[in-house]
Amino acid sequence: MLKILVYIHAPAGTPTKGQRELLALAGSLGETRAVLGAEADEAALASLSAAGSTGFYVAAGGIDASLLLTPAVSLLEAAVRDFEADAVLLPNGIEGREIAARTAVRLDAAVITDAIDVDTDLTVTKPVLAGSHTVKAQGTRGPVFITLKPNSIEAPETDAGARAAASLHELSIEATAPAARITSTAPRTATGRPELSGARFVVAGGRGVEGNFAPVEDLADALGAAVGASRVATDAGWIEHSAQVGQTGVTISPQLYISAGISGAIQQKAGMQGAKCIVAINKDPDAPVFEIADLGIIGDLATVLPQAAAEIRRRKG
Ligand SMILES: Cc1cc2nc3c(=O)[nH]c(=O)nc-3n(C[C@H](O)[C@H](O)[C@H](O)COP(=O)(O)OP(=O)(O)OC[C@H]3O[C@@H](n4cnc5c(N)ncnc54)[C@H](O)[C@@H]3O)c2cc1C
């Protein structure tokens, strides 16, 4: 039976959808243990074991988050050695990919990013070239580190009451002298919206919003969606850079991507082409975005977005 580790960066009382997807995929491949990148309370352990983890790796003495990702890399390295893991699944975000890469270098192992599926022989399926091709890949020397795109796997809701017995393994990690240390942190102002990289629904605006993101944000709130943007919009300072979707921004694969006032340049497509359903609103019928849209609306976003938001609210009652 394969041995699969899942890296959980921030365990919480209820696992996130992304964490449940990682655990569901791992459970379909073999025996699953979770490596915890931060302290977890009893509730978090219960819900993670209900989601499929049969064991946990934690750092003896905890993880010093001011040392950036270095302690997590050391913990994951120690866990891979202890468990003799065949594969490690991590989220496809910035932290997941960095931890995968750094740990794999230490272990002289393979890394495959942007996965959307993994077979029982550890063949990984991933989109490449802005989603225009699908590739199957395998690590040539194990363990293979695989970062999984969100919304790729069906992950059922879990009931923490269904917790199975799970072993707890405390590992000592070496003290490191990092080149950098975090000296202070300030939380971003909470918008109440889902986080862009894992969101099921995304409404994105581009140059066509002409500096006014209010209609985009209003439709996002009506849908419970995250807000995204083209590079033109983020470069203009109309919205924060973290909202940028594309080659030099976030790559996302939501169920629904609503593109408003975005032309659909190749660098924008690179970040959103993996969406299950693309709705494009543009007043230019020849805009390239219509080539990949499932539904195209030729119109002024200032008219279409408020109408859509009003109709969604009416149907929701
Ligand atoms: C190396 C490199 C990396 C890049 N990385 C990225 C990236 O990560 N993400 C990204 O997005 N771009 C990226 N770009 C930029 C990219 O090439 C495009 O310039 C950018 O995506 C265009 O943004 P836009 O569609 O908002 O603007 P435009 O291309 O100017 O398009 C605006 C669109 O809005 C429509 N419009 C205008 N007014 C309205 C209205 N009232 N209602 C409806 N439609 C309207 C217009 O018809 C037009 O189609 C990158 C470029 C380079 C060179």
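These numbers come from a predicted model, not from an experiment. (Residues numbered from 1 in each chain as written. Predicted model: local features only at pLDDT ≥ 70, side-chain atom pairs only at ≥ 80, totals over all residues. Heavy atoms only, no water.)

1. A closer look at the environment of valine 73
Looking at the secondary structure, you find valine 73 in helix α3 (residues 70-83). Along the backbone, valine 73 and glutamate 98 are 25 residues apart, and their C-alpha atoms lie at a distance of 9.0 Å. In contact with valine 73, not counting residues within four places along its chain, are Ile99, Arg102, Thr103 and Arg106. (Helix = DSSP H or I, 4+ residues; strand = E, 2+ residues; numbered from the N terminus. Contact = heavy atoms within 4.5 Å.)

2. What to know about the domain arrangement of the chain
The domains assigned to the chain are domain 1 (2-171) and domain 2 (196-316). Computed from C-alpha coordinates alone, the two centres of domain 1 and domain 2 are separated by 30 Å. In this complex, domain 1 contributes seven residues to the contact, which on the side of domain 2 involves twelve residues. Contact between domain 1 and domain 2 buries roughly 710 Å² in total, counting both sides, with carbon and sulfur atoms accounting for 47%. The interface formed by domain 1 and domain 2 holds zero salt bridges in total. Seen at the junction of domain 1 and domain 2, the total is four residue pairs in polar contact (both at pLDDT 80 or more). For the side of domain 1 that touches domain 2, a count of residues per class yields two nonpolar, three polar and two charged. (Domains from an automatic or database assignment. Buried area = accessible area lost by both parts, 1.4 Å probe. Salt bridge = Lys/Arg side-chain N within 4 Å of Asp/Glu carboxyl O. Polar contact = N/O pair within 3.5 Å; in protein donor to acceptor, adjacent residues only side chain to side chain. Nonpolar A, V, L, I, M, F, W, Y, C, P; charged D, E, K, R; others polar.)

3. Quick notes on the side chain of threonine 70
Mapped onto the elements, threonine 70 comes out in helix α3. For threonine 70, a relative accessible area of 10% gives the class buried. Beyond its immediate chain neighbours, meaning those up to four positions away, threonine 70 contacts Arg102, Arg106 and Thr176. (Buried < 20%, exposed > 50% of the residue type's maximum accessible area, 1.4 Å probe, protein only.)

4. Structural notes on the site of the ligand
Around the ligand sit 24 residues in total, of which Arg207, Ser230, Thr248, Ser263 and Asn282 are the nearest. Separating an oxygen atom of the ligand from a side-chain N or O atom of asparagine 282 is a distance of 2.7 Å. Isolated, the ligand exposes 990 Å² of accessible area, and the fraction of that covered by the protein chains is 76%. Those elements that provide at least two residues to the shell around the ligand are α6 (231-235) and α7 (266-272). (Near = heavy atom within 4 Å. Areas by Shrake-Rupley, 256 points an atom, 1.4 Å probe, with all protein chains shown as cover.)

5. A few points about helix α5 (residues 214-223)
The complete set of buried residues in α5 reads Pro215, Val216, Leu219, Ala220, Ala222 and Leu223. When α5 is viewed along its axis, its buried side chains cluster within an angular range of 160° and face the same direction. Buried positions along α5 lie against β11 (201-205), β12 (226-229), β13 (256-260) and α8 (301-316). Trailing α5 by a residue or two, glycine 224 shows a phi angle of about 75°, which is positive. (Arc of directions from axis to C-beta.)

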